[in-house]
Amino acid sequence: MYDFVVVGVGPAGARFARRAAEAGYDVLALEKGEVGTPLACSGHVSTDIWDFLPPEAKDHLFQNRIYGADFHVGGPKTGARRFYKREEVSNVIDRVELDRTLADLAREAGADVRERHTVTGVDEHDDRVVLTVKHGGVTEEVAAKMVAGCDGPVSRVRRSLDLPEPGETLHGVLAFSDEVDHGDYVDVHLTVPRFFAWRIPRGEAGVEYGLAAPPGASVNEMFDTLTHQYDVDTDHFCSGAIPIGPPETVTTDRAFLIGDAAAQTKPFTGGGILYGMTAADHAVRTIEPDAPSTLADYETAWREDLAREISLGHWVRRCYSLPEPVQQFGLRALSGEIGVHMDRPTSLFSKQGLKKLVGR
């Protein structure tokens, strides 16, 4: 019987599998398809990503460096307000290769990572969790002391164990053009209901265009409008769900959720790579597979670290739906050099953040 079975080998699952294996636990990690595919997430991340990777990983993952964002209340021909830092705010990376690199690190640490293994059922018992797994036309059962549900916004683990759903789920789409663009700024368009659209320069790798919106919105039509305004043709169209708002609990007696399955995402951008891997580290530090009571320590640890960031992120997102004159006023008043960390909105109230804000 395994100490942990990890369901889903995205960034959160691969990070947990690696760190748990490094801690000496017997870990099995299952991915229903190939690691990294299909792509359903942007590769625009804060520079903190490199803290989770060996130094040499940057050589094959890095695509472009970003210093800030140009905010528009209309299309690309409307005036923009720039928010920037003098140092790099974020990097654009090869998103597919990120997943594969993290999975390889988990394997190197001793985790048994298996692709094309689909978990179809999760049954929790007093002393173990039993998973039903299909692969290559064969169905088998796998037992573990605990299961880590890292299987994305539509989590099989979460639903099999009747854990509560995220507060809401947005519909995100993105695609790519072959334009070479080493620009220093992303473009953000506040033209989408309750969220935004974006353009991200990826250096030699081209440009990413995308948007997210609540269910029921015509995301495909809005995406066509966005690319038409930029007069570009795109390919490699991707679509996926973005969970927003963690539920009141992400644990049972012998199961716990990490990453998108737990809606550990930034409400104001939808990004969850760094939050998910941060929560994975908390899980390894706090959870002991022979002591189910330690799951409460995980709930406490990740919420103490991320709950305020997520709460403030909800307030930031509300600004996307303000009337256009109010948006214009706010962008004009707040634009310029900033001292806010991309993943930590509470840094606005740090000494550096307040200094940049009041020093204009």
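Residues numbered from 1 in each chain as written. Predicted model: local features only at pLDDT ≥ 70, side-chain atom pairs only at ≥ 80, totals over all residues. Heavy atoms only, no water.

## Side note on a negative patch on the surface
Here is the rule we go by: Here, patches come from residues exposed beyond 30% relative accessible area and free of salt bridges, joined within 9 Å for like charges and within 5 Å for nonpolar side chains (Val, Leu, Ile, Met, Phe, Trp, Tyr). In this description, accessible areas are obtained by the Shrake-Rupley approach with a 1.4 Å probe, and a residue is regarded as covered only by the protein chains that are shown. In the sections that follow, a salt bridge refers to a side-chain nitrogen of Lys or Arg positioned within 4 Å of a carboxyl oxygen of Asp or Glu. His is not counted, nor are the chain ends, whereas Lys and Arg count as positive and Asp and Glu as negative. A single reference atom marks each charge: NZ on Lys, CZ on Arg, CG on Asp, CD on Glu. For helices the rule is a DSSP run of H or I covering at least 4 residues; for strands it is a run of E covering at least 2, with both sets numbered from the N terminus onward.
On the surface, Asp-178, Asp-231, Asp-233 and Asp-235 cluster together into a patch of negative charge. Looking at the secondary structure, you find Asp-235 in strand E16 (residues 235–244).

## Let's talk about unusual backbone geometry
The amide bond that connects Thr-37 to the next residue, Pro-38, takes the cis arrangement and shows omega of -5°. Secondary-structure assignment places Pro-38 in the loop between strand E2 (27–30) and strand E3 (44–46). Positive phi is not limited to glycine here, since Arg-116 has a value of about 55°. Its place among the elements puts Arg-116 in the loop between strand E8 (112–114) and strand E9 (118–124). Even without glycine at this site, Asp-162 takes up a positive phi of about 60°. Within the secondary structure layout, Asp-162 lies in the loop between helix H4 (156–160) and strand E12 (168–177).

## Re the pattern of salt bridges
Evaluation of the coordinates by the stated rule reveals 26 salt bridges. Glu-337 is paired through a salt bridge with Arg-86; the nearest N and O atoms lie 3.3 Å apart. With Glu-337 in strand E18 (residues 336–337) and Arg-86 in the loop between strand E6 (80–84) and strand E7 (90–93), this pair connects stretches of sequence that are 251 residues apart. Residues participating in the shared-partner salt-bridge network are Arg-15, Arg-18, Arg-19, Glu-22 and Asp-281.

## Things to note about the sheet that holds E7
Formally: Criterion used throughout: strands pair if DSSP finds at least two bridges between them. Fitting a line to C-alpha atoms yields each axis, with helices limited to the stretch in contact; the angle taken between N-to-C directions then spans 0 to 180 degrees.
Taking strand neighbours across the sheet as the criterion, the 3 strands line up as E3-E7-E4 in an open arrangement whose pairing is antiparallel. The open sheet is flanked by E3 and strand E4 (62–66), the only strands paired with a single partner. Neighbour to neighbour, the strand axes of the sheet diverge by 30° on average, direction disregarded.

## Some words on the pairing of E2
Rule in force here: Exposed residues in this analysis have more than 50% of their type's maximum accessible area, buried residues have under 20%, and partly exposed residues fall in between, with area computed by a 1.4 Å probe over protein chains only. Here the term right-handed applies to a crossover when the path leading from its first strand over the helix to its second strand runs clockwise, the strands being oriented away from the viewer.
Of the two faces of E2, the one lined by Val-27 and Ala-29 and the one lined by Leu-28 and Leu-30 are each fully buried. Across 4 bridges, strand E1 (residues 2–7) lies against E2 in parallel orientation. Within E2, the residue paired with Val-5 across the bridge is Leu-28. For the handedness criterion, the β-α-β arrangement of E1, helix H1 (residues 11–22) and E2 is classed as right-handed. In this sheet, E8 lies alongside E2 in parallel orientation, the contact comprising 3 bridges. Directly across from Leu-28, in E8, lies its bridge partner Asp-112.

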